[in-house]
Amino acid sequence: MEKSRPQFRKPKTAQTYATPEELFAKLPNRVKSHGYLRGPQADALRDYTNLQDKSDIACELPTGTGKTIVGLLIAEWRRRQTSERVAYLTLTNQLAKQVLREAENIGIDCANLIGSKETRDAGEVGRYTTGRAIGVTTFSNLFNVNPVVQGSNVLVFDDAHGGEHYVAAMWTVKIDSRENKKAYNDVLTALRPSLSDSQYRVVTDGREYSTVELADAHSYAGVLPSVTAVLDEASEPSIHYPWTVIRNNLPACLFFVSFREIEIRPIVPPTHTHNPFSETKQRIYMSATLGGEGDLLRGYGITNIETIRVKHAQWGRRYIFMPSLYFEEEKCPHVVSSIWNGVSQHRALILAPSFPIAERTYNMVSAGMSPKPIQLDARDIENSLESFTEMEGVVLCLAGRYDGVDLPGDDCRLLVMAESPAAVGALERHLREHWKLGPLLRRRERTRLIQGMGRCTRDATDFAVIVLLGQSLIDGITLPIFATKLPGEIQRELSWGMEQGEVARENSTALTEMIIGLLTDEEYRRNANESIAEMDTPDQEPDEFGDDATGKSEVLYLRAMWSNDYSGAYQVARRVADEIKKPELSGYRAWWLFLASIAAHLAYEKAGEIDCLQRAKAIGINSGFLDKLLRLRSKSASISEKSDVLDVQAESIWNQIVSWGWQGPAFSKKIDEMLAGLSLPRDHTRFHIGLELLGQCLGAEVIRSTAEGAPDIVWIFHRRCYTFEAKAGNHLSKKYVLQAKGHVDWVTAERSDLSDIPIQPLIVSTGNEIDELVKPFVNGLNFISTSGIAEFGQIVATELQKLRTQFAGKEYGAVLEQLKTEIRLVKLDSESIEKLLSAPL
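Remember, predicted model here, so these are calculated numbers, not experimental data.

Turning our attention to the overall build of the protein. What the protein contains, in helices and strands, is 36 helices and 24 strands. Taken against the 2.2 N^0.38 rule, which gives 28 Å for 841 residues, the C-alpha radius of gyration of the protein at 30 Å falls within 12% of a compact globule. Taken over the C-alpha atoms alone, the protein extends approximately 125 × 70 × 50 Å along its principal axes. A burial count over the protein gives 59% of its 841 residues as buried. Pairs at least 24 residues apart make up 73% of the contacts formed inside the protein by residues separated by at least 6 positions. If you average the places of the 96 positive and of the 111 negative side-chain charges in the protein, the two averages end up 4 Å apart.

Here it is in structure tokens:
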């Protein structure tokens, strides 16, 4: 009898359709809830049909309009048209599972590629690689050294802005000082020659954890080989794999150093070298809020993109409050904890630009919560949100995740946003703080704010309370030039929330009671909605600082650097710098000239290198850093002129105002603390703090040390240094005089970078009586009375408050010359300070 054998299967040919819309209409297994396309979905698909031959397309579909369906239909339509691989990528496994469920709802066959090589089903991988099903997985399964996602006919990137981190991570070596302490210390040691003493002090001071310094690694011949030797020995996968990708292109990378981490990365990811991405015929970037095309260009390393924007916002209702406008910083977390204690549902979401800020915010708000909630982070929701949404008494803390988390309805009604999202990651933080790139980063800040505010309002009937904490966030969102470019509905909600917040000035508990009422009382909430509805909806103004062209230029610069075409990179950077004309973008111009100097240095074009650094320094932004580079790279560089000194001082004064805040009571509190300390010379600690704050007001780097033999206070300006020995009483002994004079040696021993500038020692005391025997030792020692320093402190406080009022809401690059003029007129400049402190003992 013949053996029974399996029947041959006839290969199936997928039915093709003229458009994605027609495909949807013919899908036979749609569930009833997906019986038709919504208007925005149909509009987006029609726009796509007109752009179907383009290689990179961005598609904006606002929250609640169903962008996942649009992305799946495009992917399935392309798969049927070409029988080639297609893939749909999400930020997390949880979101990938959500896409798989949505695909099942409309009857589209998908292959589950979630997980690692060891956990994935080989059969599912086969269905994707042969083009029989859409592969659904995460960004990280494309952007790694051994990706399951290969060159495809189309790649759909969902929540595209949130995915930029995963793209950059493939080419970013990040060394965490807590998780990899030895590697961090070894790399920091290798980079030490390329950090100034001032920079090194900052990155080794835990109080400065948020400050990111840029190491001048290209100027020192031994630095790159030393870094290479250290990282070649690194075995941690999080360091080893990205290191293998960037190792041979280290000259094209920048080196960012902070107290918590070291990052080595190019300015944009060189995705053109990653075949699974670059060989794909079409890439679709989906987002509820696109922001600027330039951000997508630099985020994905591409040079052109077409855009589809569907205007159909279903915002839900956000009740936005800013307690920092009315309360001192330490009281603001109590508002959140009081809300928590006053409601029955105990779930809250904290969004912050970095994990240290998210963790700090959690610690502050949870201190007053009873009982103390469980803290979750991104790792806890990687596979499912249920660990958060199905629990009580829990706070989810997410860093840099302003997109890709959906918490509708009662899943979460309380959202805390901590500090400005303008700068996420070391590169953006450095650019914002040191190069004054606020105008360009502001568009990212708005995009992230809009995205973040939508995490808990997923449709038109949803609502949530949003509490904004942190000086940088309050300063940014209250700027008219910022707020007027937000969607009109959010502008209206912000204005309403600020008006209601005024109750906090009269009654500190009234604001909390109002918010609790909004969360728990439907009638009270209805009254609030009617109040908001009565307000006019402002128009959303366009962004005047578009950066789409410069986004492309950053990619072109990187590609030239990555291929060792340093002369080409130099030409790109010079051209862009010359094209930047707006004063507000002066910092960006200086940054491009700095990038040009790196390329010129690597191309051995010495004249071009020095010219770029001189032009960059003359702009007056980050001029202290640029002055150091110029002195190092050009032995013939002249000593800084007085105008250069004032550039550095003006920038430091501006930074101090930013640190203490343009809005809210924090600035006044610092000024009051300074004045109180200077009025109490017999209270040594408070008087020293007063001197420290006074130096910071004047733009000095300040050292307040308790070490044996150290000055009480040191003020370090760009080209001059002052040491202070504070003494109570009128009589100054020989011991005090010699101790004060010895401070010069202490400073030069501690700070070798100050050895070539004048260091003036001073005594601050009630009087300056000295014995005849002491007079031979006072030469070179200056004196100022405690009353004199207190009077000067009053002047500084008054004038600094005027400067804060005058320049609030302005861009630093646009007002630099005016700021310098004002500093001279009110005699806060270093020349005037030198005269004040010039009286000999």
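Once you've had a look at it, read on.
Here we come to unusual backbone geometry. Looking along the chain, the bond that leaves serine 370 and enters proline 371 is cis, with omega of -10°. Structurally, the position occupied by proline 371 is in the loop between α14 (355-366) and β14 (374-376). A positive phi angle, near 50°, is found at aspartate 159, a position not held by glycine. Among the structural elements, aspartate 159 can be located in the loop between β5 (154-157) and α6 (160-169).

Right, let's get into helix α17 (residues 438-453). Because an α-helix completes one turn every 3.6 residues, residues spaced three or four positions apart along the sequence face the same direction. Taking 1.5 Å of rise per residue, the 16 residues of α17 would be expected to cover 22 Å, and the 21 Å separating its terminal C-alpha atoms lies within 8% of that figure. Counting buried positions along α17 yields 16 of 16 residues, so the element is predominantly enclosed.

Right, let's talk about the pairing of strand β8 (residues 254-257) for a bit. Going residue by residue along β8, you find Leu254 and Phe256 tucked away on one face and Phe255 and Val257 tucked away on the opposite face as well. Pairing between strand β7 (residues 213-214) and β8: two bridges, direction antiparallel. Note that in β8 the partner of glutamate 213 across the bridge is valine 257. Examined bridge by bridge, β8 and strand β9 (residues 261-265) share four bridges and lie antiparallel to one another. Considered in β9, the bridge of phenylalanine 255 is made with isoleucine 264. Turn length for the β8-β9 hairpin, with the two strands adjacent in sequence and antiparallel, is three residues.

Attention shifts here to empty space enclosed by the protein. Under the defined criterion, the tally for this structure stands at four cavities of 30 Å³ or more. Of all the elements in the fold, those that place two or more residues in the lining of the largest cavity are α13 (332-342) and α14. Among the elements that line the lining of the largest cavity, the one with the most residues is α14, at three residues. Considered class by class, the residues forming the lining of the largest cavity number five nonpolar, three polar and three charged.

Another point: the layout of surface pockets. Taken as a whole, the second largest pocket spans an internal volume of roughly 980 Å³. Lining the second largest pocket are 38 residues, with Gly66, Thr68, Gln98, Glu102 and Asp406 positioned closest to its centre. With seven residues, helix α4 (residues 93-106) is the single largest residue contributor to the lining of the second largest pocket. Class assignment of the residues belonging to the lining of the second largest pocket gives a composition of eleven nonpolar, 14 polar and 13 charged.

Our focus in this paragraph is the environment of glycine 793. As for its placement among the helices and strands, glycine 793 is situated in helix α34 (residues 786-807). Residues glycine 793 and isoleucine 671 lie 122 residues apart in sequence; the distance between their C-alpha atoms is 9.2 Å. If sequence neighbours within four positions are ignored, glycine 793 has contacts with Met674, Leu675, Leu678 and Leu694.

Another aspect to go through is the packing of α34 against helix α35 (residues 812-825). Helix packing geometry: the angle between the two helix axes and the distance between the axes. The geometry of α34 relative to α35 is characterised by a closest axis approach of 11 Å and an angle of 160° between their N-to-C directions. What the angle tells us is that α34 and α35 run roughly antiparallel. As α34 runs across α35, the sense of the crossing is right-handed. On α35, the residues that touch Leu803, Gln806 and Phe807 of α34 are Val815, Gln818, Leu819, Glu822 and Ile823.

A separate point is the pairing of β9. Counting buried positions along β9 yields five of five residues, so the element is predominantly enclosed. Across four bridges, the pairing between strand β6 (residues 173-176) and β9 is antiparallel. The residue bridging aspartate 176 from the neighbouring strand is glutamate 261, located in β9.

Following the criterion strictly, the structure yields 61 salt bridges and no others. Between lysine 174 and glutamate 263 there is a salt bridge, and its shortest N-O distance comes to 3.5 Å. Of this pair, lysine 174 sits in strand β6 while glutamate 263 sits in strand β9, and the two are 89 residues apart along the sequence. For lysine 174, a relative accessible area of 34% corresponds to the partly exposed category. Salt-bridge contacts for lysine 727 lead to glutamate 725; the nearest nitrogen and oxygen are separated by 3.1 Å. A single burial state applies to lysine 727 and to glutamate 725, both of which are buried. Among the charged side chains, a salt-bridge network with shared partners connects Asp295, Arg298, Glu428, Arg444, Arg448 and Glu554.

With parallel pairing, the seven strands of this open sheet are ordered in space as β3-β4-β2-β5-β10-β1-β11. Since the sheet does not close on itself, it has two edges, and those belong to β3 (110-112) and β11 (306-309), each with one partner. Within this sheet the neighbouring strands show an average axis-to-axis angle of 20°, counted without direction. Contacts between helix α3 (residues 67-82) and the sheet are confined to β2 (86-90), β3, β4 (134-138), β5 and β10 (282-287), with β2 contributing the most and set at about 160° to the helix.

This brings us to the sheet that holds β8. Taken in spatial order, the four strands line up as β6-β9-β8-β7 in an open sheet, and their pairing is antiparallel. Two strands in the sheet have a free side with no partner beyond their single neighbour: β6 and β7.

Within the element layout of this structure, isoleucine 833 appears in helix α36 (residues 830-836). Judged by relative accessible area, which is 1%, isoleucine 833 ranks as buried. In the structure, isoleucine 833 is positioned 41 residues away from phenylalanine 792 in sequence and 9.8 Å away in space, judged by C-alpha atoms.

Here the focus is the side chain of threonine 447. Along the chain, threonine 447 turns up in helix α17. Exposure remark for threonine 447: the relative accessible area of 6% places this residue in the buried category. Discounting chain neighbours no more than four positions away, the residues touching threonine 447 are His161, Thr289, Leu290 and Gly291.

Okay, the packing of aromatic side chains next. Inspection of the entire model under this criterion finds 25 aromatic pairs. Here the aromatic rings of phenylalanine 139 and phenylalanine 157 are separated by 5.5 Å at their centres, their planes lie at 40°, and the arrangement is tilted. With phenylalanine 139 in the loop between β4 and β5 and phenylalanine 157 in strand β5, the pair connects residues that are 18 residues apart, well separated along the chain. Here phenylalanine 139 matches phenylalanine 157 in class, with each residue buried. Ring pairs connect the aromatic residues Phe139, Phe143, Phe157, Tyr166, Phe277, Tyr285 and Tyr300, which therefore count as one cluster. The ring of phenylalanine 277 carries arginine 283 above its face, with NZ or CZ at 4.6 Å from the centroid.

The rules behind the values
- For every chain, the first residue of the written sequence is number 1, and numbering continues from 1 along that sequence.
- Two thresholds apply to this predicted model, a pLDDT of at least 70 for residue-level local features and 80 or more for giving and counting side-chain atom pairs, whereas whole-chain, interface and lining totals are computed over all residues.
- Note: side-chain values were computed over all heavy atoms of the structure, leaving out hydrogens and water.
- In this description a helix means any DSSP run of H or I spanning at least four residues, a strand means any run of E spanning at least two, and both kinds are numbered starting from the N terminus.
- Atoms counted for the radius of gyration: C-alpha only. Globule rule: 2.2 Å times the number of residues to the power 0.38.
- The classification of residues rests on relative accessible area computed with a 1.4 Å probe and restricted to protein chains. Under 20% of the type maximum is buried, over 50% is exposed, and intermediate values are partly exposed.
- The contact definition used throughout considers only heavy atoms, calling two residues in contact when any of these lie within 4.5 Å.
- When charges are counted, neither His nor the chain ends are considered; positive counts come from Lys and Arg and negative counts from Asp and Glu.
- A charge is said to be at NZ when it belongs to Lys, at CZ for Arg, at CG for Asp and at CD for Glu.
- A helix is expected to span 1.5 Å for every residue after the first.
- Pairing between strands is defined by DSSP: at least two bridges between the two strands are required.
- Points on a 1 Å grid, built from protein atoms alone, make a cavity when a 1.4 Å probe fits but cannot get out and make a pocket when they are open with protein on both sides within 12 Å along at least 5 of 7 lines; residues with an atom within 4 Å of a point are the lining residues.
- Grid points are joined across faces, edges and corners, and a volume is the space filled by probe spheres set on the points.
- Side-chain classes follow a simple rule in which Ala, Val, Leu, Ile, Met, Phe, Trp, Tyr, Cys and Pro form the nonpolar group, Asp, Glu, Lys and Arg form the charged group, and the remainder, Gly included, forms the polar group.
- The axes used here are C-alpha line fits, helices contributing only the stretch in contact, and every angle between their N-to-C directions lies in the interval 0 to 180 degrees.
- Angular relationships are summarised with four words: roughly parallel below 35 degrees, roughly antiparallel beyond 145, roughly perpendicular across 65 to 115, and oblique for the angles in between.
- Here a crossing is taken to be left-handed if its near helix is turned anticlockwise relative to the far helix by less than a right angle, and right-handed if that turn runs clockwise.
- What makes a salt bridge here is a side-chain nitrogen of Lys or Arg within 4 Å of a carboxyl oxygen of Asp or Glu, nothing more.
- Note on ring pairs: Phe, Tyr and Trp rings are taken, using the six-membered ring of Trp, and paired if centres are within 6.5 Å. Classes follow the plane angle, with under 30 degrees stacked, over 60 edge-to-face and the rest tilted.
- In our convention, an over-ring charge means Lys NZ or Arg CZ found within 6 Å of a ring centre and within 35 degrees of that ring's normal.

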